[in-house]
Amino acid sequence: MRIAVLTGAGISAESGIRTFRATDGLWEEHRIEDVATPAGFRRDPVLVHRFYNMRRADAARARPNAAHRALAALAQRHQVTLITQNVDDLHERGGSPEVIHMHGSLLGALCAACGHRWSATLVMRSLDPCPRCGKPATRPDIVWFGEIPYHMERIWAAVEEAEIFAAIGTSGQVYPAAGLAQHAHRNGARTVELNLASSAVSSDFDEIRAGPATQLVPAWVAELTA
Ligand code: APR
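Throughout, a residue's number is its position along its own chain's written sequence, starting from 1. Per-residue local features of the predicted model are confined to residues with pLDDT of at least 70, and side-chain atom pairs are confined, for both listing and counting, to 80 or more; whole-chain, interface and lining totals are unaffected and use all residues. Side-chain calculation: all heavy atoms of the structure are included, whereas hydrogens and water are not.

Asker: Hey, could you run me through the state of the cysteines in this one?
Answerer: Only a pair of cysteine sulfur atoms within 2.5 Å counts as a disulfide in this structure description. Scanning all chains against the criterion turns up 0 disulfides. Of the cysteine sulfurs around Cys114, a residue in no disulfide, the closest is that of Cys130, at 3.7 Å. Its relative accessible area of 29% is what places Cys114 among the partly exposed residues. Between Cys130, a cysteine without a disulfide, and Cys111, which holds the nearest cysteine sulfur, the sulfur-to-sulfur distance is 3.7 Å. With a 1.4 Å probe rolled over the protein chains alone, any residue whose accessible area is under 20% of its type maximum counts as buried; one over 50% counts as exposed, and the rest are partly exposed.

If you want it as structure tokens, here you go:
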């Protein structure tokens, strides 16, 4: 079966990685305009690198949980397109063979001057020279607010072909990710939302399952692979 899965910060919450909009979320402590916009990076690249160095260290310390591993098991039995808004690599370390990072990845570095991409080191500095053009214009390879998410053609196509679409651990506040369930439904998919709480787009889903991802996702995968 063709299954498209969208994950958000909630799938990594039980691995100890902070979400964004919970009461102790990242956006309670950091202003989006300071650390997650191109203007913020131009204004203070040191602050931005400090923010992502902290998140990169948190991700490196974290371990994949049962939800990440269950999605890897699902891909053994079905044609799964795994789309994540997350920038950690817990899906990859949990065994998922192919992960589409629509908001980029903490493991990537990007040159703001020439567009060159390379693997990030644990600690990045804006003055690190780009390996290709040599300019001190190194930024995290993260899609910031106001920028265009990556791989959208591939994502739309997978969602249109899916027979099942599941959204796991996302608050449905950021588009185009938040619009994928409706798009899947319009193209005939059965849609399910797995989340600790209701999201801004829960009404777009055929089915809602409430609870922690480490319980919901293995149970959902067990039903699909029985
Ligand atoms: N199990 C399942 N869901 C959970 C769990 C859990 N253990 N813990 C939290 N959640 C859910 C919350 O109910 C919420 O719906 O995860 C969601 C987290 O929402 P956000 O913090 O808004 O994260 P996300 O939806 O991934 O944000 C989307 O916004 O800030 C940008 O680019 C950033 O990719 C991010 C995007």
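Asker: I keep staring at the layout of surface pockets and nothing clicks. Help me out?
Answerer: If a probe as big as a water molecule is rolled over the atoms, it shows which places are left empty. The rule is simple: put a 1 Å grid over the protein atoms alone, call a set of points where a 1.4 Å probe fits but cannot get out a cavity, call an open set with protein on both sides within 12 Å along at least five of seven lines a pocket, and count a residue as lining if it has an atom within 4 Å of a point. Grid points are joined across faces, edges and corners, and a volume is the space filled by probe spheres set on the points. When its volume is computed, the largest pocket comes out at roughly 910 Å³. Considering the residues around the largest pocket, the lining is formed by 46 residues, among which Ala9, Phe20, Arg21, Thr170 and Ser171 are closest to the centre. Any residue outside Ala, Val, Leu, Ile, Met, Phe, Trp, Tyr, Cys, Pro, Asp, Glu, Lys and Arg is labelled polar, Gly included; the first ten of those are nonpolar and the last four are charged. When grouped by side-chain class, the residues that make up the lining of the largest pocket number 24 nonpolar, 16 polar and 6 charged. Domain assignment of the residues forming the lining of the largest pocket places at least three in each of domain 1 (1-17 + 64-103 + 149-226) and domain 2 (20-61 + 108-142). Delimitation of the domains relies on an automatic or database domain assignment.

Asker: Teacher, can you tell me more about the packing of aromatic side chains here?
Answerer: Two measures describe an aromatic ring pair: the distance that separates the ring centres and the angle between the ring planes. Each Phe, Tyr or Trp ring, with Trp reduced to its six-membered ring, pairs with another whose centre is within 6.5 Å; inter-plane angles below 30 degrees give stacked pairs, above 60 give edge-to-face pairs, and intermediate values give tilted ones. On inspection of all chains with the given rule, the structure shows 7 aromatic pairs. Relative to Phe145, the ring of Trp27 lies with its centre 6.4 Å away and its plane at 65°, an arrangement referred to as edge-to-face. Of the two residues, Trp27 is situated in helix 2 (residues 26-29) and Phe145 in the loop between strand 6 (138-142) and helix 8 (152-161); the sequence distance between them amounts to 118 residues. The exposure class assigned to Phe145 is partly exposed, which follows from its relative accessible area of 34%. Chaining the aromatic ring pairs together yields one cluster made of Phe20, Trp27, Phe41, Phe51, Tyr52, Trp144 and Phe145. Any Lys NZ or Arg CZ found within 6 Å of a ring centre and within 35 degrees of that ring's normal is scored as a charge over the ring. One cation-aromatic arrangement involves Arg139 over Trp144; the distance from NZ or CZ to the ring centre is 3.8 Å. In this description a helix means any DSSP run of H or I spanning at least four residues, a strand means any run of E spanning at least two, and both kinds are numbered starting from the N terminus.

Asker: How should I be thinking about the pattern of salt bridges in this particular structure?
Answerer: Side chains carrying opposite charge are able to pair once their charged atoms draw close together. Note on definitions: salt bridges are taken to be side-chain nitrogens of Lys or Arg within 4 Å of carboxyl oxygens of Asp or Glu. Here the structure, examined in full by the defined rule, presents 14 salt bridges. Here Arg31 and Asp34 are joined by a salt bridge, their closest N and O atoms 2.9 Å apart. Two residues, Arg117 and Asp141, come together in a salt bridge whose shortest N-O distance is 2.9 Å. In this pair, Arg117 sits in strand 5 (residues 117-119) while Asp141 sits in strand 6, placing the two residues 24 residues apart along the sequence.

Asker: Hey, could you run me through helix 8 in this one?
Answerer: Two residues of an α-helix separated by three or four positions point the same way, owing to the 3.6 residues in each turn. For helix 8, every residue scored as buried is listed here: Met152, Ile155, Ala158 and Val159. Looking straight down helix 8, one finds that the buried residues subtend no more than 130° of arc, so they occupy a single side. Whether two residues are in contact is decided by their heavy atoms, any of which lying within 4.5 Å being enough. For helix 8, the elements touching its buried residues are strand 1 (2-7), strand 2 (79-84), strand 3 (99-101), strand 7 (164-168) and helix 9 (180-186). As used here, the arc belongs to the directions running from the helix axis to the C-beta atoms.

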